[in-house]
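Observations on the three-dimensional arrangement
So the chains spell out like this:
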Amino acid sequence: MSESTPTTGPWPDAVFRLPAWVAEVAGPVGGVFPTATDRMALAVALARRNAAEGGGPFGAAVFTADEGRLVAPGMNLVLPAGTSIAHAEVVALTVAQQAVGAHDMDDGAGTRFELVTSAAPCIQCFGAVIWSGVTRLVCGARKEDVEAIGFDEGPVPADWVEQLESRGIAVQRDVLRDEAAAVLRDYAASGAPIYNARRGGSD
Ligand SMILES: [Zn+2]
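Computed from a predicted model, the values in this text were never measured in an experiment. (Residues numbered from 1 in each chain as written. Predicted model: local features only at pLDDT ≥ 70, side-chain atom pairs only at ≥ 80, totals over all residues. Heavy atoms only, no water.)

1. A closer look at the pairing of strand β3 (residues 113–119)
The following threshold applies: Exposure categories follow from relative accessible area, calculated using a 1.4 Å probe and restricted to protein chains: below 20% of the type maximum is buried, above 50% is exposed, and the middle band is partly exposed. Each helix corresponds to a stretch of at least 4 residues labelled H or I by DSSP, and each strand to a stretch of at least 2 residues labelled E; elements are numbered beginning at the N terminus. By this definition, two strands are paired if DSSP reports at least two bridges between them. With its strands directed away from the observer, a crossover is right-handed exactly when the path from the first strand over the helix to the second travels clockwise.
Summarising burial for β3: 7 of the 7 residues are buried, a large majority. Sheet topology note: the strand β1 (residues 59–64)/β3 ladder contains 5 bridges and is antiparallel. Counterpart to V62 in the pairing with β3 is L115. Here β3 pairs with strand β4 (residues 136–141) via 5 bridges, running parallel. Counterpart to E114 in the pairing with β4 is R136. As for the winding sense of the linkage, the β-α-β connection from β3 through helix α5 (residues 123–132) to β4 is right-handed.

2. Things to note about the packing of helix α2 (residues 36–52) against helix α8 (residues 177–189)
For clarity, the threshold we go by: Orientation is described by lines fitted to C-alpha atoms, with helices fitted over the stretch in contact, and by angles between N-to-C directions that extend from 0 to 180 degrees. Angular relationships are summarised with four words: roughly parallel below 35 degrees, roughly antiparallel beyond 145, roughly perpendicular across 65 to 115, and oblique for the angles in between. Throughout, a residue-residue contact means that at least one pair of heavy atoms, one from each residue, lies within 4.5 Å. Note that Gly is not counted as nonpolar here; it falls among the polar residues with everything else outside the nonpolar set of Ala, Val, Leu, Ile, Met, Phe, Trp, Tyr, Cys and Pro and the charged set of Asp, Glu, Lys and Arg.
Viewed as axis vectors pointing N to C, α2 and α8 meet at an angle of 10°, and their least axial separation amounts to 9 Å. With respect to their mutual orientation, α2 and α8 come out roughly parallel. For the pair α2 and α8, contact is made by V44, A47, R48 and A51 and by E179, A180, A182, V183, D186 and Y187, respectively. Along the lines of polarity and charge, the residues of the contact of α2 with α8 split into 7 nonpolar, no polar and 3 charged.

3. Quick notes on the layout of surface pockets
Rule in force here: Lining residues are defined by having an atom within 4 Å of a point belonging to a cavity or pocket. Those points lie on a 1 Å grid over the protein atoms alone, cavities being sets where a 1.4 Å probe fits but cannot get out and pockets being open sets with protein on both sides within 12 Å along at least five of seven lines. Grid points are joined across faces, edges and corners, and a volume is the space filled by probe spheres set on the points.
Computed from the structure, the largest pocket encloses a volume of approximately 500 Å³. Forming the boundary of the largest pocket are 19 residues, of which V15, F16, R17, L18 and L77 lie nearest the centre. Elements with a contribution of two residues or more to the lining of the largest pocket: α3 (78–81) and α4 (88–100). With 3 residues, α4 is the largest single contributor of residues to the lining of the largest pocket. Of the residues belonging to the lining of the largest pocket, the class tally is 11 nonpolar, 6 polar and 2 charged.

Okay, here's the thing in structure tokens:
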């Protein structure tokens, strides 16, 4: 968190830098998105713009769960960031945790946070959601929609929704599913790369 933390010897810093266009899509920090549909519309718009800019067709955002204030947008940055973990959900959670100043956003202080993602989480992001402290997950496209174009979600447990809910994370699915799936189909139809298609997963 310290702005003056020096780099450690020869090792590179590892950070996510959001693309310059993000403000055009997401608007200002703290913008209010009252409903689940409003919030998903942003995640889908981020996915579509990211794909148009040469990135993966996946978007996500963290909001305060009650008011719907935007805490952090995210998009798939696997290719520009050069790291396999830079899925939209992980990017949004990482930026949100930096913004909130807590690695666990369920700090008991009363503000609850929600992750909204244009596609259901892969195995990595399923885990990341559990550790993040969000208390609600909202998904657009389903696993089947993602895998229909060749991306892999990995060995997500069949009871992943129940697993999250048993840990206090409410799950809502199929919000703007058609719109979110259309981004995936359009991406595939454009001939853009299905990277990690060795059944390695990427959303
Ligand atoms: Zn993922």
